[in-house]
Amino acid sequence: AIHVNQLGFMPGAAKVAVVPEGEARTFAIVKAGTDTVVQTGTLAPATAAPEAGDRVRLATFTQLATPGRYQARVAGLPDSPPFHIGPAVLQAVNAASIKAFYFNRAGMALDERHAGVFARAAGHPDTRVLVHASAASPGRPAGTVIASPKGWYDAGDYNKYIVNSGISTYTLLAAFEDFPDLFRAQALNIPESGNRLPDLLDEALWNLEWMLTMQDPADGGVYHKLTNLGFDGMVMPDRATQPRYVVQKTTAAALDFAAVMATASRVFAPYEQQLPGMPARMLAASQAAWRWAQAHPKQYYRQPKDVATGEYGDNDASDEFAWAAAELFITTGDAAFYKAMNAPALQATVPSWAEVRGLAWMSLARHRKSLGAAADGALIASRIDTLSASLAAAWKKSAYGIAMQPADYVWGSSAVALNQSMVLLHGYRLTGKREYLDAAQAGLDHVLGRNALGMSFVTGYGARSPLHPHHRPSEADGIAAPVPGWIAGGPQPGQQDKKDCPAPYPSPLPARSYLDHACSYASNEVAINWNAPLVYVSAGVQALTPG
Ligand code: G3I
Ligand code: 9MR
């Protein structure tokens, strides 16, 4: 089959489809459902894709810029799924990818006016949360009851994890910092819509307010997670009523918290009137968490024996230190924080929940014009440019025309592609090198259908998208369609859920090891840290693609 981004392209975007190796040497683009040819072209030479076990050719039709609905056609193959070209093609998926966070809100009933058929009762008020023995302190001995309401459920499960909330919330705030006009004009139909705060910031605030409650006011330490002892069954939130605990303070939680609160305090600063005192409160919380981490630099997460939920464990906090330092430097201007980053020794890498040094560099790049003299502007630019160049080199070599390498197919591979695109968009903003923008577009194309499975991984978007994500509300709500706007983790060969799945995976190959079954938490779960870069990239491609 021919694989293509199933939503479509901005008129000025690079436009590519993937065609299996065969007799044909040419392709055509037709008006969807007709024989009207609007463009023809030559297929590129076939190249091997080890991650997918096949050989494919690229069909490039970048010149086609006339808005419309099209299909790619190659002799001997079925036409591709239809796609659009137009300036608004990404608006709906961008809005839906943010609305997904609203659908995962803890402690709030989703009413019909905002949630439509996905309306549901409130779950997890989290107003009576127990301090777990692993988190006990003199002021809060084990069994102390605290309130820690709001926030988003992490994923397909109903727990709330600071480390993963950190990168997710940051990425939404970063999208706002980079593309404010787009988000100021956006209406998401969430309960806060119309309240003089952009909807994206209202959504982020729902989680920031929860995060603030995860800090122990006595010492600035931050609990790693708020969780049941074990995972819930496949039930709606209001039926999941196991006791909830805050578990262990960790260095990673404190530093991710410090980074996000420092970021939030500058993003919300212009909204002081709407949120009196909030920016200052966030900055103070950030600084207290930073001080706690300085005093506890190696409190790594160790899952207690009686706790079985997600770990988000990480035995290296050096990148979290650097990230928190960078955000505190940007927000306060205090050169001591830049020093603490140890910038000359810090490389840039593609971000993930466990690996956040790249976030430091992206934030510095974004604010480079207003940083104090302490910051090395040339170094900042070179870190982003070097990482972008290496991603672009991989993109050029890859058979499917993406930056993804076989080893990038890990748990949450969809988000690896999108975080690569996020880096590349920064590279493009910084250098204007067109190939960075095109490589970023390719990552978006990958998750929207230009992949070996021919699937858009975003629920409700594209001709073929996941129907059975590992997402408790989607399974338990009695509605056939999954909750829309969620990106599935995507293919990866680990198959850690095999024992829980009645159906076998179709293939062990990295790019094909995927099951559209609710059992498959290792390939078909949804998660806030995978949706956040979808928000960023679908906004960035929209805002930055010229013409
Ligand atoms: O770090 C190693 C690396 O050295 C090695 O090369 C690679 C090879 O597979 O594995 C890496 O470890 C992986 C780790 O993620 C770090 O990315 C593990 O194999 C992999 O099992 C682990 O997956 C994590 C998964 O939880 C299981 O712990 C995912 O990243 C993480 O996104 C996921 O998060 C879960 C939460 O725990 C609970 N809520 C749902 C959420 C999404 O599934
Ligand atoms: O639902 C859980 C999912 O959120 C996690 O990512 C995953 C891995 O930690 O675990 C899922 O829970 C499964 C558990 O690990 C094993 N028994 C079946 C559970 C799914 O219903």
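Our structure is the block above this text.
The present account deals with the structure reproduced in this document. All residue numbers refer to positions counted from 1 along the written sequence of the respective chain. Here the convention is simple: chains get letters from A, ligands get numbers from 1, in the order in which they are written. Local features in a predicted model are, by the rule used here, given only for residues with pLDDT of at least 70; side-chain atom pairs are given and counted only at 80 or more, and totals for whole chains, interfaces and linings are based on all residues. Water and hydrogen atoms were dropped before computing side-chain values, which therefore reflect all heavy atoms in the structure.

1. What to know about the overall build of the protein
Inclusion rule: Only DSSP runs of H or I covering at least 4 residues are called helices, and only runs of E covering at least 2 are called strands; the numbering of each starts at the N terminus. Burial classification: accessible surface area is computed with a 1.4 Å probe over protein chains only, and a residue below 20% of its type maximum counts as buried, one above 50% as exposed, and the rest as partly exposed. The charged-residue count follows a simple rule in which Lys and Arg add positive charge and Asp and Glu add negative charge, with His and chain termini not counted at all. The atom standing in for a charge is NZ when the residue is Lys, CZ when it is Arg, CG when it is Asp and CD when it is Glu.
Secondary structure assignment for the protein yields 15 helices and 13 strands. Overall size of the protein, expressed as C-alpha extent along the three principal axes, is 75 × 55 × 45 Å. Counting all 547 residues of the protein, 62% fall into the buried class. For the protein, the distance from the average position of its 44 positive side-chain charges to the average position of its 46 negative side-chain charges is 3 Å.

2. Let's talk about the packing of aromatic side chains
Aromatic rings in a pair are described by how distant their centres are and how their planes are angled relative to each other. So the rule is basically this: Two rings belonging to Phe, Tyr or Trp (six-membered ring only in the last case) form a pair when the distance between their centres is within 6.5 Å. Interplanar angles under 30 degrees mark stacking, angles over 60 mark edge-to-face geometry, and anything in between is tilted.
A full pass over the atoms with the stated rule returns 18 aromatic pairs. Judged by centre distance (4.7 Å) and plane angle (65 degrees), the rings of Phe-101 and Trp-152 are edge-to-face. In this pair, Phe-101 is assigned in helix H1 (residues 91–103) and Trp-152 in the loop between strand E10 (145–146) and strand E11 (160–161), connecting sequence segments 51 residues apart. Judged by its relative accessible area of 1%, Trp-152 falls in the buried class.

3. Re the layout of surface pockets
Definition in use: A pocket, in this scheme, is an open set of points on a 1 Å grid over the protein atoms alone with protein on both sides within 12 Å along at least 5 of 7 lines, while a cavity is a set where a 1.4 Å probe fits but cannot get out; residues line either one if an atom lies within 4 Å of a point. Grid points are joined across faces, edges and corners, and a volume is the space filled by probe spheres set on the points. Lys, Arg, Asp and Glu make up the charged group, whereas Ala, Val, Leu, Ile, Met, Phe, Trp, Tyr, Cys and Pro make up the nonpolar group; the residues left over, Gly among them, are polar.
Approximately 880 Å³ is the volume attributed to the largest pocket. Elements represented by at least two residues in the lining of the largest pocket include exactly helix H11 (377–397), helix H12 (413–431) and helix H15 (528–544). Tallied by class, residues from the lining of the largest pocket come to 21 nonpolar, 11 polar and 6 charged. Counted as a void, the second largest pocket has a volume near 200 Å³. Together, His-124, Pro-125, Asp-126, Thr-127, Arg-128, Ala-240, Thr-241, Gln-242, Pro-243 and Arg-244 line the second largest pocket.

4. A look at the pattern of salt bridges
Using the following cut-off: In what follows, salt bridge is the name for a side-chain nitrogen of Lys or Arg lying within 4 Å of a carboxyl oxygen of Asp or Glu.
Under the defined criterion, the tally for this structure stands at 25 salt bridges. With a closest N to O distance of 2.7 Å, Lys-150 and Glu-209 form a salt bridge. Placement of Lys-150 in the loop between E10 and E11 and of Glu-209 in helix H5 (residues 199–213) is noted, with a sequence separation of 59 residues between them. Lys-150 sits in the partly exposed class, given a relative accessible area of 28%.

5. Let's talk about the site of ligand 2
Spelled out, the test is: Near is defined per residue: the residue qualifies when any heavy atom it owns lies within 4 Å of the molecule or strand. In protein, a polar contact means a hydrogen-donor-capable atom and an acceptor-capable atom, both N or O and within 3.5 Å, with residues adjacent in sequence counting only if both atoms are side-chain atoms; elsewhere, any N or O pair within 3.5 Å suffices. In short, Shrake-Rupley with a 1.4 Å probe defines the accessible areas, and a residue's cover is counted only from the protein chains shown. To be counted as sitting in a cavity or pocket, a molecule needs more than half of its atoms within 2 Å of that site's grid points.
Near ligand 2, the surroundings consist of Asp-157, Phe-231, Trp-411, His-470, Arg-472, Asp-500, Tyr-521 and Glu-525. Here Arg-472 contributes a side-chain N or O atom positioned 2.8 Å from an oxygen atom of ligand 2. For ligand 2, an oxygen atom lies 2.7 Å from a polar atom in the side chain of Glu-525. Within the complex, 66% of the 450 Å² of free accessible area of ligand 2 lies under protein. When atom positions are compared with the pocket grids, ligand 2 is found to occupy the largest pocket.

6. Here's the deal with the environment of Ser-193
Heads up, the condition is: By definition, residues are in contact when any of their heavy atoms lie within 4.5 Å.
Mapping Ser-193 onto the fold places it in the loop between helix H4 (180–184) and H5. For Ser-193 and His-114, which are 79 residues apart along the polypeptide, the C-alpha to C-alpha distance reads 9.9 Å. Filtering out sequence-adjacent residues up to four positions away, Ser-193 remains in contact with Leu-188 and Asp-199. Among the polar contacts listed, one links the side chain of Ser-193 to the side chain of Asp-199, at a separation of 2.9 Å.

7. Considerations on the sheet that holds strand E5 (residues 47–49)
Condition: Pairing between two strands is assigned when DSSP locates at least 2 bridges connecting them. For helices, the fitted line uses only the C-alpha atoms of the stretch in contact; every axis is such a line through C-alpha atoms, and the angle between N-to-C directions lies from 0 to 180 degrees.
Spatial ordering of the open sheet is given by E2-E6-E5, a layout of 3 strands whose pairing is antiparallel. Looking along the sheet, the strands with just one partner apiece sit at the ends: strand E2 (16–20) and E5. Going from strand to strand, the sheet's axes swing by 50 degrees on average, the running direction of each strand aside. For E5 and strand E6 (residues 54–60), the ladder comprises 3 bridges, and the chain directions are antiparallel. What sits directly across from Ala-49, in E6, is Asp-54.

8. Structural notes on the site of ligand 1
Close to ligand 1 lie Asp-154, Ala-155, Asp-157, Tyr-161, Gly-310, Tyr-312, Trp-353, Trp-411, Gln-496, Glu-525 and Trp-530. Between ligand 1 and Asp-157 there is a distance of 3.0 Å, counted from a nitrogen atom to a side-chain nitrogen or oxygen. With respect to ligand 1, the side chain of Trp-411 contributes an N or O atom lying 3.0 Å from an oxygen atom. Across the complex, the protein chains shield 53% of the 780 Å² of accessible surface that ligand 1 would expose by itself. Along the lines of polarity and charge, the residues of the shell around ligand 1 split into 6 nonpolar, 2 polar and 3 charged.

9. Comments concerning empty space enclosed by the protein
Counting across every chain of the model gives 2 cavities of 30 Å³ or more. The calculated volume of the largest cavity comes to roughly 60 Å³. Lining the largest cavity are Phe-103, Asn-104, Leu-110, Phe-118, Ala-119, Arg-120, Met-236, His-471, Pro-473, Asp-477 and Val-483. Its residues assigned to classes, the lining of the largest cavity comprises 7 nonpolar, 2 polar and 2 charged. Estimated volume of the second largest cavity: approximately 50 Å³. If you go around the second largest cavity, the residues you meet are Glu-51, Ala-52, Tyr-400, Ile-402, Tyr-409, His-446, Arg-450, Asn-451, Ala-452, Pro-491 and Ala-511. In the lining of the second largest cavity, the residues fall into 7 nonpolar, 2 polar and 2 charged.

10. A short note on the pairing of E6
Here 5 bridges tie E2 to E6, and the two strands are oriented antiparallel to one another. Counterpart to Val-18 in the pairing with E6 is Leu-58. In textbook terms, the turn of a hairpin is the stretch between consecutive antiparallel strands, and for E5 and E6 this stretch comprises 4 residues, one of which, Gly-53, has a positive phi near 65 degrees.

11. Remarks on H11
Residues spaced three or four apart along an α-helix face the same direction, because each turn holds 3.6 residues. Note the threshold: Working rule for helices: expected span equals 1.5 Å times residues minus one.
Helix length check: H11 (21 residues) gives 31 Å between terminal C-alpha atoms against 30 Å at 1.5 Å per residue, within 8%. Looking only at H11, the buried set comprises Leu-379, Ile-380, Arg-383, Ile-384, Asp-385, Leu-387, Ser-388, Leu-391, Ala-392, Ala-394 and Trp-395.

12. Some details on the sheet that holds strand E7 (residues 68–73)
Strand order in the open sheet made by the 5 strands is E1-E8-E7-E3-E4, with mixed pairing throughout. The open sheet terminates on both sides in strands that have one partner only, identified here as strand E1 (8–9) and strand E4 (37–42). Across 3 bridges, the pairing between E7 and strand E8 (residues 83–85) is antiparallel. Bridge pairing in E8 links Tyr-70 to Phe-83.

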